[in-house]
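Coordinates in review
In case you want the letters, here they are:
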Amino acid sequence: MNAIDPTLTGKNAVKLISGNHACALGAIAAGCRFFAGYPITPSSEIAERLARSLPEVDGVFVQMEDEIASIAAVIGASMGGVKAMTATSGPGFSLKQENIGYAAGAEIPCVIVNVMRGGPSTGMPTRPSQADIMQARWGSHGDYPIIVLTPASVSEIYSETIRAFDLAEQCRTPVVLLYDQVIAQLSETVALDGAGHASATRKWASGPRADYKPYDGGSDAIPAMAKPGDGYRTHTTGLTHGEDGFPTQNPEAVTRNLSRLFSKLERHRDLIDSSEALHCDDADVVIVAIGISARAATRAVEQCRAQGARVGLFRPITFWPFPEMQLRQATANARAVLVPEMNTGQLRLVVERVLAGMPVEGIHLFSGEAIAPSDIAARATALARGA
Amino acid sequence: MNTRIELRLGGTGGQGLILSAKILADALAAGGQRVAQSQTYEPTSRGGYCNADLVISDTEVDFPITTALDHLVLLDRLAIKPSWPLLKPGALVIADTRLCPELPVGDYRRYHLPLSRTALQLGSERVTNIVALGALVALSGICDRKRIEQAVRAETPRGFLDLNMDALKAGYSVAAAPVAAVAS
């Protein structure tokens, strides 16, 4: 089918598409014109779709020899001025980590999709998991900030893919789009109204060439990038660097640059933060969940409310940096928090830290199955009644 | 609660269960219904337990995975064990006589039909999934026949169009045969 099929993105058109298909459509709509990847279940449909649709919009699709080369090619394409993406899962995400750190440190915009399957190692290729939450944040060595988005539906995968490109370009950072196998391969009827079409552009070097410094953060901590061919002298390295882009281990320069790197995302939290609170205002118990577990929790909240239990749901859409303030607000009147997740306790750990002193309980399922709404509802109702 | 209908096509990898589910989902979506279609499969390309599920609703589907099946199609005995606990009382169960010869007793509407044999008679066991789709549409009434025929046409390569349309119609006929229904 056509990459930018008007019946798919036309206003109010309802179509049946999968999460991975929505990701590919979102990438094209966001202006992505380069994809390099290596197929791996359950992310392969993204590559398959883009292999067909990128050439139709004069974009480039490359199937690389492996995952490491894929992210390297994406970084190179982005430095060349093109919006670029790769997609992978589990073991492939592990392989990409060193270069994700490079992209974070050298401030190269790019989007990395990781469809979560069961792990560790090769794990369960065709079964869902939510166990890469921490890896997405801390997977590469050293200290670095990164943005991670966690959509929960097919239509949200579309809009969050577009937002991933916007944030990558605006903040000069890698952005990870993180979702589980269930919603990746789930087909849903969605209306893609195209309202979210990419608007953000990268800050390119301008003004006198002699004054240009490739890592001078300016007033907003985001350095302007030298566009190839524009004649600005630039240097990019994985080594720690000063404002001029050249390697340095000078303690002041290293501290200054890394501090700016962290302040860059903190200063743009208004752009980055995104979360959803459902019936949290009067909730005795707030459920915190992402992805397919949030979908189960949505149903559980309805079931609890039908039985008179005051239960709400808080759902981070931007997961990293974590929406701490929003979670505190959503749980302001709560007596307990319930965290259903398909891992052994990664989200619960974050929630416990943010809500120190609040009783936090987890439902942890790592069998390769999604958590059932009735299991969440039963525990949330019991917690709401003080059990 | 809004209306929510759940169904499963259960069998093994390579039987075309996901394709049949997608065709049905397309047909229902074209009729204005909200659909979520999910699946479970094994890393092998053929064989191993596989199911393709649909959740159908008049409004947006909150939880897209099946939890209580209204309709179940069984194209292999492997699918009985994982599906049986999800079966609603009085659910419609369509099972292939050859691939799924024995069924547990229980409170359900049982249709033990020669789906794969019908496909073989048409010339290819590969269209068992479409025969099953025809039988499911005929017995459940969840989808308008014209729409399912349009969806099958849209999803079928030209060389297989006649075979698939014959298979769909054979599915209707098999379901309508008076010997088909056996009270459980």
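A quick note: this is a predicted structure, and the numbers were derived from the prediction, not measured.

A look at the pattern of salt bridges
If the charged atoms of two oppositely charged side chains come close together, the side chains can form a pair. Residues and elements named next belong to chain A. Applying the stated criterion across every chain, the model contains 25 salt bridges over all chains. Residues E107 and K264 are paired through a salt bridge, measuring 2.9 Å at the closest nitrogen-oxygen approach. Taken together, the residues E107 in the loop between α5 (91–106) and β5 (110–118) and K264 in helix α9 (residues 251–266) connect sequence positions 157 residues apart. Each member of the pair E107 and K264 is classed as buried.

Some words on the interface of chain A and chain B
Taken residue by residue, the interface counts 23 residues in chain A and 23 residues in chain B. With both chains or domains summed, chain A and chain B bury close to 2,000 Å², and 55% of this area falls on carbon and sulfur atoms. For the chain A face of the interface with chain B, the top three residues by lost area are L16, T189 and R299 of chain A, together amounting to 28%. Where chain A packs against chain B, one counts two salt bridges. With its nearest N and O atoms 2.9 Å apart, the salt bridge here joins E42 of chain B to R127 of chain A. Viewed at the interface, chain B and chain A are joined by nine residue pairs in polar contact (both at pLDDT 80 or more). Of all the elements in the fold, those that place two or more residues in the side of chain A that touches chain B are β1 (14–18), β6 (124–128), α8 (181–185), β9 (187–191) and α11 (291–306) of chain A. When residues of the side of chain A that touches chain B are assigned to their parent elements, the largest contribution, seven residues, is made by α11 of chain A. Considering only residue class, the side of chain A that touches chain B consists of 10 nonpolar, eight polar and five charged. In this structure, β9 of chain A lies alongside strand β2 (residues 34–40) of chain B, joined through two bridges in antiparallel fashion. Looking at β2 of chain B, one finds that S187 of chain A is bridged to Q37 of chain B.

Reading guide: rules and limits
Residues numbered from 1 in each chain as written. Chains lettered and ligands numbered in written order. Predicted model: local features only at pLDDT ≥ 70, side-chain atom pairs only at ≥ 80, totals over all residues. Heavy atoms only, no water. Salt bridge = Lys/Arg side-chain N within 4 Å of Asp/Glu carboxyl O. Helix = DSSP H or I, 4+ residues; strand = E, 2+ residues; numbered from the N terminus. Buried < 20%, exposed > 50% of the residue type's maximum accessible area, 1.4 Å probe, protein only. Contact = heavy atoms within 4.5 Å. Buried area = accessible area lost by both parts, 1.4 Å probe. Polar contact = N/O pair within 3.5 Å; in protein donor to acceptor, adjacent residues only side chain to side chain. Nonpolar A, V, L, I, M, F, W, Y, C, P; charged D, E, K, R; others polar. Pairing = 2+ DSSP bridges.

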